[in-house]
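# Fold and geometry: a report
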Amino acid sequence: MLLIDVARVSEEVARTSARLGKIRLLAELLGRVERAEAEIAISYLSGELPQRQVGVGYRSLRDLPEPRQVATMTLGRVDDLLERIKAQTGPGSQAARRALVTELFGGATRQEQSFLVRLLTGELRQGALDGVMIEAIARASGAPSAEVRRALTLRGWLPAVGSAALTGGVEALRAFQVEVGRPVAPMLAQSAPTVTAALEKIGGEAALEWKLDGIRVQAHRSGEVVAVFTRTLDDITAQVPELVEAVRELPYDDLILDGEVIALRPDGRPEPFQVTAARVASRTDVARLREATPLSVFFFDALRLRGKDLLDLPDAERHAALSDAVPESLLTPRLVTADPAEGEAFFAEVVRRGHEGVVVKSPQTPYAAGRRGAGWIKVKPRHTLDLVVLAVEWGSGRRQGKLSNIHLGARDPETGGFVMLGKTFKGLTDELLAWQTERFLQLADGPTDGWTVHVRPVQVVEIAFDGVQRSTRYPGGMALRFARVLRYRDDKTAAEADTVDTVRSLLL
DNA sequence: TTCCGACAGTGGGGTCGCAAT
DNA sequence: ATTGCGACCCCACTATCGGAA
């Protein structure tokens, strides 16, 4: 199959707003792709590369060669070039990669170049990724989409699942089983503003667990072999020796556990997320790093124990099995209650100890691998500040032509100026986007680079955020974590906005 | 007919490793 | 030594479609 066939379908999918229409278009293409190229086609049309990453991003694609007039590239040829690009390492590799990128794009038409750029930068923007592709595979193969989804959560890579479905139908999909050493898509949580609201959603008794601000881990053990995976199924076994040792000491040797690793201070309080993240990301000199910043692990779920899959069991039963297999010191603290007052007190205590919040879990739900099911609901405290808008950036995609990402500043009483604390584009409705575009064009002040519009610092905005972290990027040395817009405040002037001192007091 | 679950999109700050400067 | 880039940790929120109620 030619790349142009895939690029054309992608554009047609992007033009189609109906999801069923997108599914029909994708299924039609899957129906005529050769088996040998099915993985590549599925991969490209769900916005990922078979190579996963090849070391080429937005910056490397700035100036491309002139496009061809006639489309001749096959999927196999593109895949081969991407494979060679990925294989470049060591001195001279950047030039070699650049040459191969030129070769790839020089063989492509304008339409193909556009598709490849979006594919390589991870911005396909056709309104269809895994979720829609699952349905398309189901339709093209005749297998129920639930079977496709189930196979995906166990295999972790849709092209392999889709290719199997197209070749062998439902039977091939059923052959995918939980396999120790191969990560399962982790279950995710929804969120609620308070524990009371979360309990109400679940209805009746629920389990409340500490939410630790670390790195999610899935630990596998087969015999003495241990492997550890992240939320996106990357292998980080070598970076977390403490976890590997802890799992080796467990009495069972065929298991998959779900948990969190986190760096704790000697007094048991958590280190800032940045400390845990830096430790886990470091691959060099791990032995020395673990002396200075040891990691602790806390498990909260068991997907497999003693060779038995537990995914389909209700939470309460999985947790009973977990607490039977794992010592208390490795278990995430947990309280089972139906009483909102008791739940809120538990939440307050967890926050007082410096942790991120709680996860409220329904005792009945099975492990919904890969889904953001209603069985788990996270609750975190929320801070707010009244800040001043210093500048705005033009949006992209569906926000093209709208001023979108706003720069946030706190008042500095010493200088009478404002100190930037970060940016946000979250929490804006279409109505608000339209309003702020007009408002900030009126307030525009000073030079613009065509991207950022600086404004007179007069507009106050109420911002919600999770916390203040240390920053080397901003002049105040601090930045807001997960900032989002709550509302514009026209009842306050910039002189009444919150100060950097207020923000600094939240840093400790 | 209305409601709501699932998805895709739009980006945020911080960190590491690697190659180039 | 420093800088630029790619990749991946953490993530919130809104709009939309289409099946469920």
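Residues numbered from 1 in each chain as written. Chains lettered and ligands numbered in written order. Predicted model: local features only at pLDDT ≥ 70, side-chain atom pairs only at ≥ 80, totals over all residues. Heavy atoms only, no water.

Going by the annotation in an unreviewed UniProt entry, the name recorded for chain A is Probable DNA ligase, with Thermocatellispora tengchongensis given as the source organism. Under the Sequence similarities (unreviewed entry) heading, UniProt states for chain A: "Belongs to the ATP-dependent DNA ligase family." The record held by UniProt for chain A lists under Cofactor (unreviewed entry) the comment "Mg(2+)". (UniProt positions renumbered as here; feature names shortened; annotations may be inferred.)

Along the chain, Val 392 turns up in strand 11 (residues 383–394). The spatial distance from the C-alpha of Val 392 to the C-alpha of Leu 303 is 46 Å, given a sequence separation of 89 residues. Dropping the residues within four chain positions of it, Val 392 is found in contact with Leu 403, Ser 404, Asn 405, Ile 406, Gln 436, Phe 440, Trp 451, Thr 452, Val 453 and Val 455. (Helix = DSSP H or I, 4+ residues; strand = E, 2+ residues; numbered from the N terminus. Contact = heavy atoms within 4.5 Å.)

In the vicinity of DNA strand B there are 42 residues, among which Ser 396, Arg 398, Asn 405, Phe 425 and Tyr 474 approach most closely. In the interface set of DNA strand B, defined as its atoms within 4 Å of the protein, sugar plus phosphate atoms amount to 88%. Arg 149 has a polar side-chain atom sitting 2.7 Å from a phosphate oxygen of DNA strand B. Gln 274 places a side-chain nitrogen or oxygen 3.1 Å from a sugar or linking oxygen of DNA strand B. Of all elements in the fold, only helix 5 (93–106), helix 7 (130–141), helix 12 (273–281), strand 12 (403–412), strand 13 (417–424) and strand 16 (467–470) reach the threshold of two or more residues within the surface near DNA strand B. (Near = heavy atom within 4 Å. Polar contact = N/O pair within 3.5 Å; in protein donor to acceptor, adjacent residues only side chain to side chain.)

Taking the numbering used here, the UniProt-annotated feature "binding site: ATP" (unreviewed entry) corresponds to Glu 209, Arg 216, Arg 231, Glu 260, Phe 300, Arg 372 and Lys 378. Those residues in contact with Glu 260, other than ones at most four positions away along the chain, are Leu 212, Asp 213, Gly 214, Ile 215, Arg 216, Val 217, Ser 296, Val 297, Phe 298 and Phe 300. In contact with Arg 372, not counting residues within four places along its chain, are Leu 188, Ala 189, Gln 190, Arg 231 and Lys 378.

In this section: the nonpolar core. Grouped together as the largest cluster of nonpolar side chains are 57 residues, with contacts concentrated most on Leu 26, Tyr 44, Leu 82, Met 133 and Leu 158. For Met 133, the contacting residues outside a window of four places in its chain are Leu 26, Leu 30, Ile 42, Leu 45, Ser 46 and Leu 158. In terms of nonpolar packing, the next biggest core, distinct from the first, is built from 29 residues, Ile 236, Val 244, Val 326 and Leu 331 among them. (Core = buried A, V, L, I, M, F, W, Y, C linked by side-chain atoms within 4.5 Å. Buried < 20%, exposed > 50% of the residue type's maximum accessible area, 1.4 Å probe, protein only.)

Our focus in this paragraph is the domain arrangement of chain A. Accessible area lost upon the coming together of the parts is a frequently used measure of interface size. Assigned domains within chain A: domain 1 (3–174), domain 2 (188–379) and domain 3 (383–504). With centres defined by C-alpha atoms, the gap from domain 1 to domain 3 works out at 37 Å. (Domains from an automatic or database assignment.)

Bringing the packing of helix 7 against helix 8 (residues 145–155) into the picture now. It is at 8 Å that the axes of helix 7 and helix 8 come closest, and there the two elements cross at 125°. Judged on the interaxial angle alone, helix 8 and helix 7 are oblique. With respect to the hand of their crossing, helix 7 and helix 8 are arranged in right-handed fashion. The residues of helix 8 that touch helix 7, namely those facing Asp 130, Ile 134, Glu 135, Ile 137 and Ala 138, are Ser 145, Val 148, Arg 149 and Leu 152. Class assignment of the residues belonging to the contact of helix 7 with helix 8 gives a composition of 5 nonpolar, 1 polar and 3 charged. (Axes fitted to C-alpha atoms, helices over the stretch in contact; angles between N-to-C directions. Parallel < 35°, antiparallel > 145°, perpendicular 65-115°, else oblique. Left-handed = near helix turned anticlockwise from the far one by under 90°. Nonpolar A, V, L, I, M, F, W, Y, C, P; charged D, E, K, R; others polar.)

Taken as a whole, this structure holds 34 salt bridges when the rule is applied. For Glu 349, the salt bridge is made with Arg 353, and the minimal N-O distance between the two is 3.0 Å. The class of Glu 349 is partly exposed, set by a relative accessible area of 30%. On the basis of relative accessible area, Arg 353 is assigned to the partly exposed category, the value being 37%. Note that Lys 423 is salt-bridged to Glu 393, the shortest N-O span being 2.8 Å. Note that Lys 423 is positioned in strand 13 and Glu 393 in strand 11, a separation of 30 residues in sequence. Looking at Glu 393, the relative accessible area reads 8%, which means it is buried. Beyond isolated ion pairs, a larger network of salt bridges with shared partners links Glu 209, Asp 301, Asp 315, Arg 318, Arg 334 and Lys 361. (Salt bridge = Lys/Arg side-chain N within 4 Å of Asp/Glu carboxyl O.)

Looking now at the protein's contact with DNA strand C. Taken together, 33 residues lie near DNA strand C, and Arg 19, Leu 20, Gly 55, Ser 60 and Thr 232 sit nearest. Backbone atoms, meaning sugar plus phosphate, form 90% of the atoms of DNA strand C positioned within 4 Å of the protein. A distance of 3.0 Å separates a phosphate oxygen of DNA strand C from a polar side-chain atom of Lys 211. The side chain of Thr 230 places a nitrogen or oxygen atom 3.4 Å from a phosphate oxygen of DNA strand C. For the surface near DNA strand C, the secondary-structure elements that each account for two or more residues are helix 2 (19–32) and strand 3 (215–222). Of the residues contributing to the surface near DNA strand C, the split by class is 9 nonpolar, 10 polar and 14 charged.

A word on the sheet that holds strand 8 (residues 334–337). Strand pairing in a sheet is mediated by backbone hydrogen bonds. Such pairs are either parallel or antiparallel. Taken together, the 5 strands give an open sheet; going across it, the order is 1-10-9-2-8, and neighbouring strands pair in mixed fashion. Single-partner strands in this sheet number two, and they are strand 1 (190–191) and strand 8. Across 4 bridges, the pairing between strand 9 (residues 357–361) and strand 10 (residues 376–379) is antiparallel. By the bridge assignment for strand 10, Val 359 is matched with Lys 378. Sheet strands in contact with helix 14 (residues 315–325) are strand 2 (206–211), strand 8, strand 9 and strand 10, and its direction is about 145° off that of strand 8. (Pairing = 2+ DSSP bridges.)

Let us look at the packing of aromatic side chains. Summed over the entire model, instances satisfying the criterion amount to 4 aromatic pairs. Ring centres of Phe 300 and Trp 376 lie 5.9 Å apart, and the angle between their planes is 85°; on these two criteria the pair is classed as edge-to-face. Pair noted here: Phe 300 is in strand 6 (residues 295–305) and Trp 376 is in strand 10, with a separation of 76 residues, a long-range link. Like Trp 376, Phe 300 is buried. Ring centres of Trp 435 and Tyr 488 lie 4.9 Å apart, and the angle between their planes is 45°; on these two criteria the pair is classed as tilted. On the criterion of sequence distance, the pair formed by Trp 435 in helix 16 (residues 430–443) and Tyr 488 in strand 18 (residues 484–489) is long-range, its members being 53 residues apart. For Trp 435, a relative accessible area of 32% translates into the label partly exposed. Among the aromatic residues, those joined into a ring-pair cluster are Phe 300, Tyr 367 and Trp 376. The side chain of Lys 361 reaches across the aromatic face of Trp 376, ending 3.9 Å from its centre. (Phe/Tyr/Trp six-rings, centres within 6.5 Å; stacked < 30°, edge-to-face > 60°. Lys NZ or Arg CZ within 6 Å of the ring centre and 35° of its normal.)

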